[in-house]
Every structure is written in C-alpha cells, then in structure tokens.
Amino acid sequence: MNRIDARTLDFFDRNVVSLIIEKYEMNDKEALYNFINSETYKMLCDKETEVYTFSPYVLMDMWENEKITGEPRHSKYIR
C-alpha cells in the first residue's frame, strides 16, 4: 500500500473528526478513535484509492455509510 503524507492525514483527521463531533456529540478522543479505526480511513491512507482527493464532507458521508451499512463504498459520492 502506498501511503499518503502525514500533513494530508492531519488535515482529514482534524476536519472529519470535527464533523463527527459536531453531528454525533462524541468527545474528541472517541470521534478520532472511530474515524481512524474505520475502513474509510484505510481507504484514505491508501494513495491508490485517491480518496485523499475528496473533500472532508465526502469522507464524512463515506464514514457514515460505513457505520450504517458496513461499507463506505455505498456513499452516493463514489458509486
């Protein structure tokens, strides 16, 4: 797996986790844990999937779809 750089990951960590905290009223540690232990995050880390080119809102949608259906690829943005 070809990983993306730390600066890009930090950008998504901050922005997507902020969206999770705002919508689900989780604390920051819980939100970060849930995000970085998701399939969505695995896809983000893999340069070949090019998920890092999406906006944080798309990543949030993918994460939510993963939580609901078990599959981040069910997001309306990547069908």
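This text goes with the structure placed above it.
Here we summarise the structure given alongside this text. (Residues numbered from 1 in each chain as written. Predicted model: local features only at pLDDT ≥ 70, side-chain atom pairs only at ≥ 80, totals over all residues. Heavy atoms only, no water.)

1. Examining the overall build of the protein chain
Tallying secondary structure elements over the protein chain gives 4 helices and 0 strands in all. Its C-alpha radius of gyration of 12 Å places the protein chain within 12% of the 12 Å reference for a compact globule of 79 residues. Over its C-alpha atoms, taken along the principal directions, the protein chain stretches across nearly 30 × 25 × 20 Å. Counting over 79 residues, the protein chain shows a buried share of 39%. Within the protein chain, contacts between residues at least 6 apart in sequence are counted, and of these 55% link residues at least 24 apart. As displayed, the protein chain has an accessible area near 5,200 Å², and 47% of this comes from carbon and sulfur atoms. In the protein chain, 11 positive and 15 negative side-chain charges are present, and the distance between their average locations comes to 1 Å. (Helix = DSSP H or I, 4+ residues; strand = E, 2+ residues; numbered from the N terminus. Rg over C-alpha atoms; globule rule 2.2 N^0.38 Å. Buried < 20%, exposed > 50% of the residue type's maximum accessible area, 1.4 Å probe, protein only. Contact = heavy atoms within 4.5 Å. Areas by Shrake-Rupley, 256 points an atom, 1.4 Å probe, with all protein chains shown as cover. Lys, Arg positive; Asp, Glu negative; His and termini not counted. Charge placed at Lys NZ, Arg CZ, Asp CG, Glu CD.)

2. Here's the deal with the packing of helix α1 (residues 6-24) against helix α2 (residues 28-36)
It is at 9 Å that the axes of α1 and α2 come closest, and there the two elements cross at 115°. Helix-helix and strand crossings are classified by hand; for α1 and α2 the assignment is right-handed. Residues Phe12, Asp13, Val16, Val17, Ile20 and Ile21 of α1 form the contact with α2, whose own contacting residues are Asp28, Ala31, Leu32, Phe35 and Ile36. Residues of the contact of α1 with α2, tallied by class, amount to 9 nonpolar, no polar and 2 charged. (Axes fitted to C-alpha atoms, helices over the stretch in contact; angles between N-to-C directions. Left-handed = near helix turned anticlockwise from the far one by under 90°. Nonpolar A, V, L, I, M, F, W, Y, C, P; charged D, E, K, R; others polar.)

By themselves these figures say nothing about function.
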